[in-house]
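Here are the chains, one letter per residue:
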Amino acid sequence: MKTLRILHIGNGNAFKIKAIIRFFRDRGHDIHFIPMPPSEASMEGIEYHPLPPFGRFSEIQVLRNIFSVREMVRKIRPDIVHCHNARGPGWYGAFSGHHPLVIHAYGGDVLPYRYRMKDIFSKILTTYTCRRLDMLIVTANHMVKGASHLRISEEKIRVIPRGVDLKRFRPDLDTAALRDKLGIHHASPVIFSPRYQIHEPLYNFDMIIQALPLVRKSYPNTVCIQLYDGSRKQEKRTLEKMAEDSGVSESYKLVETVGNQEMPYFYNLADIMVSVPSSDGFPVSVLEASACGTPMIVTELDYAKEWFTNGENGILVPVRDPVSLANAVVRLLGDNSLRLRMIEKNRRQVEEKADYEKCMIKLEDLYYELLS
């Protein structure tokens, strides 16, 4: 097949974007990257095209970037422009005038909850972007209809899961060293909350803290490991204060988020993973936990109904209901046969639907389809 020149536009620090870029580099394609916001990081074999440093986000800054990106696209002359997120990076791809234009949506960038009246500027630009695109990639079926408020024809939407590296994310990893590092040694059971965006209220971290005292009535030695963004010091202190006020500070451990190499050990360490946001696209943590054999409790959102049968391969709980969450944890910890069914079914499901390499080959096929 023809070697492609692919220009990616997106967050230069996001692992999910860097993983896609590396995959296509390793497939022999000519890869160019405009990181937004500007990033000092770089990857071997990738040609970076940095933008001028960002000032405070403003309409003027967006306008400057539009002209800068437009000029870069003219010089690079890519076969494909692939923007990661419709909101933000997608704007610049749309105004570049280049086709084919692929937009990759990961969740909130196309779902209605991100666009309130106060964010009308973003809504206008994102709607324009979606009228200009040639193909929108979404990570779950519910996002197809969820994006309708942006006036995207369903004919231009393809569903490709985020995918997970099944060689790296697997069960039965030795977690003794991680236990020592975290200082939890023989603590059991372990609840793992991998969503690290503690500055965003929609992830409902307070609900997890409120559920923890109820769980400890049945399982006094329960430990909850909560990942967090290390730059969010104030929000970390707020969660620590909540845990202290709830009497569970010794059981609630905030751990700075780790790289993709370490994450499989956290899933293997956990007896249960919890993810209870009020809205979501299709979190990759669900796929990673599935691959590692970690039973899950999640809020009953649209994506969850696609992946889980409640009480079979996961437990779905109402949004912002700490009592239901606590009851689900206690139920799952006390039902070993249910846990084993979840482990078997979810690993098989992720192998069939979300093998990373197969997902990326689907994306490559889509590039050639658009070019033809």
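Source: prediction; values computed, not measured.

A.B. asks: Is there a simple way to think about the environment of Val 62 in this case?
C.D. replies: For Val 62, the location among the structural elements is in helix α2 (residues 59–76). With 111 residues separating them in the primary sequence, Val 62 and Leu 173 have C-alpha atoms 46 Å apart.

A.B. asks: When you look at the sheet that holds strand β10 (residues 252–256) in this model, what are you seeing that I'm missing?
C.D. replies: Read from one edge of the open sheet, six strands run β10-β9-β8-β11-β12-β13, paired in parallel fashion. A strand with exactly one partner marks an edge of an open sheet, and here the two such strands are β10 and β13 (315–317). Looking at each pair of strands side by side, their axes are set apart by 25° on average, direction ignored. Strand direction decides the pairing type here: strand β12 (residues 296–299) and β13, joined by three bridges, are parallel. Note that in β13 the partner of Thr 299 across the bridge is Val 317. Packing against the sheet, helix α12 (residues 322–333) makes contact with β8 (190–193), β11 (272–275), β12 and β13, and its axis sits at approximately 165° to β13.

A.B. asks: How should I be thinking about the pairing of β11 in this particular structure?
C.D. replies: Side-chain direction in a regular strand flips from residue to residue, so the side chains alternate between the two faces of the sheet. The two faces of β11 match: Ile 272 and Val 274 on one face and Met 273 and Ser 275 on the other face are all buried. Bridging between β8 and β11 involves two bridges; their strand directions are parallel. Note on β11: the bridge partner recorded for Phe 192 is Met 273. Two elements, β11 and β12, share three bridges in a ladder whose sense is parallel. Paired with Val 274 across the bridge in β12 is Ile 297. In this fold, the crossover linking β11 to β12 by way of helix α10 (residues 284–292) has right-handed handedness.

A.B. asks: When you look at the sheet that holds strand β4 (residues 80–84) in this model, what are you seeing that I'm missing?
C.D. replies: The strands that make up a sheet pair up through hydrogen bonds in the backbone, lying either parallel or antiparallel. Overall, parallel pairing links the seven strands, which are arranged β3-β2-β1-β4-β5-β6-β7 in an open sheet. For this open sheet the edge positions go to β3 (47–48) and β7 (157–159), each flanked by a neighbour on one side alone. Where helix α1 (residues 15–26) meets the sheet, it contacts β1 (5–10), β2 (30–35), β4 and β5 (101–104), and its direction lies at approximately 160° from that of β2. Docked against the sheet, α2 engages β1 and β2, running at close to 165° with respect to β1.

Cut-offs and rules
Residues numbered from 1 in each chain as written. Predicted model: local features only at pLDDT ≥ 70, side-chain atom pairs only at ≥ 80, totals over all residues. Heavy atoms only, no water. Helix = DSSP H or I, 4+ residues; strand = E, 2+ residues; numbered from the N terminus. Pairing = 2+ DSSP bridges. Axes fitted to C-alpha atoms, helices over the stretch in contact; angles between N-to-C directions. Contact = heavy atoms within 4.5 Å. Buried < 20%, exposed > 50% of the residue type's maximum accessible area, 1.4 Å probe, protein only. Right-handed = clockwise from strand over helix to strand, strands pointing away.

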